[in-house]
Amino acid sequence: MKKKIGGIAAIMLLGLVLLSIRYYEVDLPIWHFLGGGKGPDPATLHLSGEFVESNLGTAEDAEGSLTVRMIAQQYVFVPQCIAIPAGVPVRFRITSADGVHMLSFLGTDYGLKAVPGAVTEASFTFLKPGEFKIPCNEFCGPGHYAMRGQLEVAPRDQFSSLHPEERRTCESR
Ligand code: CUA
């Protein structure tokens, strides 16, 4: 009897896992495609709203918290290179101008999915300074394998001494 209950619980758990995967992989993109969530329109990202070019990159708000805004599109991340300080939480907000892309910060567990018509947000803290490649981890077309950005994590004091324009984006090497 106990075994049977355990078996049923395992099957239910598996069902739940499958359902939650389905939710993110199927339901959510469809819902967003149909205009749910009032996300940014992929066709006019560069024209108005939060993701116009001048608003991309790393920005500091009045309370001093940092937000990185990025667009993923076939086959680049815009901006190509972003700079943040080490040891502080940074909010990432990302959307896509075409299909689904997946930013992954190489050498970390951090990742963010970019979905057209929606903004994905997550907060990450990079404890140590360094350079991280940002390959796309979701097959998005023939140029997928060349799609990669760069993240530069600077020591905190070094970051705050940067010129505002150098804080927003950086030169990828
Ligand atoms: Cu973008 Cu793969």
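Rules used throughout
Residues numbered from 1 in each chain as written. Predicted model: local features only at pLDDT ≥ 70, side-chain atom pairs only at ≥ 80, totals over all residues. Heavy atoms only, no water. Helix = DSSP H or I, 4+ residues; strand = E, 2+ residues; numbered from the N terminus. Buried < 20%, exposed > 50% of the residue type's maximum accessible area, 1.4 Å probe, protein only. Areas by Shrake-Rupley, 256 points an atom, 1.4 Å probe, with all protein chains shown as cover. Phe/Tyr/Trp six-rings, centres within 6.5 Å; stacked < 30°, edge-to-face > 60°.

1. Looking at the overall build of the protein chain
Point 1. For the protein chain, the helix and strand inventory stands at three helices and 10 strands.
Point 2. Helices and strands in the protein chain line up, N terminus first, as α-β-β-β-β-β-β-β-β-β-β-α-α.
Point 3. Taking all 173 residues of the protein chain together, the buried fraction comes to 35%.
Point 4. Of the roughly 10,400 Å² of accessible surface on the protein chain, 60% is carried by carbon and sulfur atoms.

2. Considering the packing of aromatic side chains
Point 1. The final tally for this structure, using the stated rule, is eight aromatic pairs.
Point 2. Seen from their ring centres, Tyr 110 and Phe 126 are 5.1 Å apart, and the 85° between their planes marks the pair as edge-to-face. With Tyr 110 in the loop between β6 (101-104) and β7 (111-114) and Phe 126 in the loop between β8 (120-125) and β9 (130-135), this pair connects stretches of sequence that are 16 residues apart.
Point 3. The class of Tyr 110 is partly exposed, set by a relative accessible area of 27%.
Point 4. By relative accessible area, which is 3% here, Phe 126 ends up buried.
Point 5. Pairing Phe 139 with Tyr 145 gives two aromatic rings, centres 6.2 Å apart and planes at 50°, and the pair type is tilted.

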